[in-house]
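One letter stands for each residue in the lines below.
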Amino acid sequence: MKYARRLVAGTLAAGALALSLSGCGKSVDPIERMGRKASQEASPQAAGSPSASTLPSAGAGAGSDTGDAYKRWGLSEPLKFAPKPDRKPALPSAAPGKVPVVDRIPVPQGEKVVFLTFDDGAEKDPEFLKMAAELKLPISMFLTDSVASSDYGHFEKLRDNGSGSTINNHTLTHPNLRTLPFAAQKKEICGQQDRLEKRFGHRPPLFRPPFGNYNADTLKAASECGISSVVLWRVSMQINNFQYAEGSALKPGDIVLAHFRGKAELKGSTEIEMTTRMLRRIQEQGYSIGRLEDWL
């Protein structure tokens, strides 16, 4: 009970410190919300940072030997994946009529597990579909209708590639919800629930507010729209390296934020190159990758 209260308090405090930079859908460096203490992003050529020549290029996914997929996508060893837990961890309960907010999963002591989430849906690179399928990346997608709906089929392929990836709600138009009244917030959340249900056959249980910005009305609206949890994050993948809400390294249970972004927003890097760097950082710190929905 004490742990739950601390987690709720910490999560709400982190949400209150949300940083509305230039926007999740438009910013070059997708920091968005970095909690209590953000570290500086390491330079592109920091120690251990791969140069462009060591990263996979378009077409790198060609081939059928999935056992060597990690090599084709620029990794030095296979990824490690966390098994589904026997039981889901205890999470904080929400106030009546609201949904809980989660920004880190309480994994068992000693288990080094992190979770991959990708937001928005602006970039629709077919090579990324190959990468995610071959590496079996369990990605929790949070899609915004205004940018993802031009090709929802792309994300359907990602969902159905056998990795256990899922599609969740990131509003219709990506507004700062804290600036909107309750009715407008509910329209953004329920409206995307309706569209995703119509397109994919079910109403997502998870919701991520744009920029990580929310208030009590957001949690009430999410509850009325059928959401079970609001999902934030503690670690954000930039172009080359992680930026941390606290400290300078991953912590067990961290929810990692990345984005479906292309060269224009990644300063010439591709979505594949960014993802390769992210996976290398996870491996360098000795972590395995879990499927968020298995734990939440």
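Numbering of residues starts from 1 in each chain and follows the order in which that chain's sequence is written. Local features are withheld for residues below a pLDDT of 70 in this predicted model, meaning they are given only at 70 or higher, and side-chain atom pairs are given and counted only at 80 or more; totals for whole chains, interfaces and linings count all residues. With hydrogens and water excluded, all non-hydrogen atoms of the structure serve as input to the side-chain values.

Draft legend 1. Main features of the overall build of the chain. What the chain contains, in helices and strands, is nine helices and 10 strands. Within the chain, the fraction of its 296 residues that count as buried is 56%. Once local pairs closer than 6 in sequence are excluded, the contacts in the chain between residues at least 24 apart make up 75%. Of the accessible surface of the chain, which amounts to about 12200 Å², a share of 53% is contributed by carbon and sulfur atoms. Working definition: helices are DSSP H or I runs of at least four residues, strands are E runs of at least two. Numbering for both runs from the N terminus. For every residue, the accessible area (1.4 Å probe, protein chains only) is compared with the maximum for its type, and the residue is labelled buried under 20%, exposed over 50%, or partly exposed between those bounds. The criterion used for residue contact is that any of the two residues' heavy atoms lie within 4.5 Å. Each accessible area is a Shrake-Rupley result for a 1.4 Å probe, and residues are judged covered by the shown protein chains and nothing else.

Draft legend 2. Quick look at helix 5 (residues 152–159). Burial runs high along helix 5: six of the eight residues are buried. Those residues of helix 5 that are buried are in contact with helix 3 (126–135), strand 3 (139–143), helix 4 (145–148), strand 4 (166–169) and helix 6 (182–200).

Draft legend 3. Spatial organisation of the pattern of salt bridges. The working definition used for a salt bridge is a side-chain nitrogen of Lys or Arg within 4 Å of a carboxyl oxygen of Asp or Glu. A full pass over the atoms with the stated rule returns 19 salt bridges. In this structure, D160 and R159 form a salt bridge, with 2.8 Å as the shortest nitrogen-oxygen distance. Among the residues examined, D160 registers a relative accessible area of 47% and is labelled partly exposed.

Draft legend 4. Just the packing of aromatic side chains, in detail. Between rings of Phe, Tyr and Trp, where Trp is taken as its six-membered ring, a pair exists when centres lie within 6.5 Å; planes separated by under 30 degrees are stacked, by over 60 edge-to-face, and by other angles tilted. Evaluated as defined, the whole model comprises seven aromatic pairs. On the basis of an interplanar angle of 90° and a centroid distance of 6.1 Å, the ring pair of F128 and F260 is categorised as edge-to-face. Residue F128 is located in helix 3, and its partner F260 is located in the loop between strand 9 (255–259) and helix 8 (271–284); the two are separated by 132 residues in the primary sequence. Judged by its relative accessible area of 0%, F260 is buried.

Draft legend 5. View of unusual backbone geometry. Its identity is not glycine, yet K136 carries a phi of approximately 60°, on the positive side. Although it is not a glycine, K267 sits at a positive phi angle of roughly 55°. By the secondary structure assignment, K267 is in the loop between strand 9 and helix 8. For K267, a relative accessible area of 63% translates into the label exposed.

Draft legend 6. Highlighting the environment of K112. Residue placement: K112 occurs in the loop between strand 1 (101–102) and strand 2 (113–120). Overall, the relative accessible area of 37% leaves K112 in the partly exposed class. On a C-alpha basis, the gap between K112 and I289 in space is 8.6 Å, while along the polypeptide they are 177 residues apart. Discounting chain neighbours no more than four positions away, the residues touching K112 are Q285, G286, Y287 and S288. The term polar contact refers here to a pair of N or O atoms within 3.5 Å; inside protein, the definition further demands a hydrogen-donor-capable atom paired with an acceptor-capable atom, and it admits residues adjacent in sequence only when both atoms are side-chain atoms. Among the polar contacts made by the side chain of K112, one reaches the main-chain carbonyl oxygen of Q285 at a distance of 2.7 Å.

Draft legend 7. Highlighting the side chain of S229. Along the chain, S229 turns up in strand 6 (residues 229–231). Given the relative accessible area of 8%, S229 is considered buried. The contact partners of S229, leaving out residues within four places of it in the chain, are P100, P205, L206, F207 and L296.

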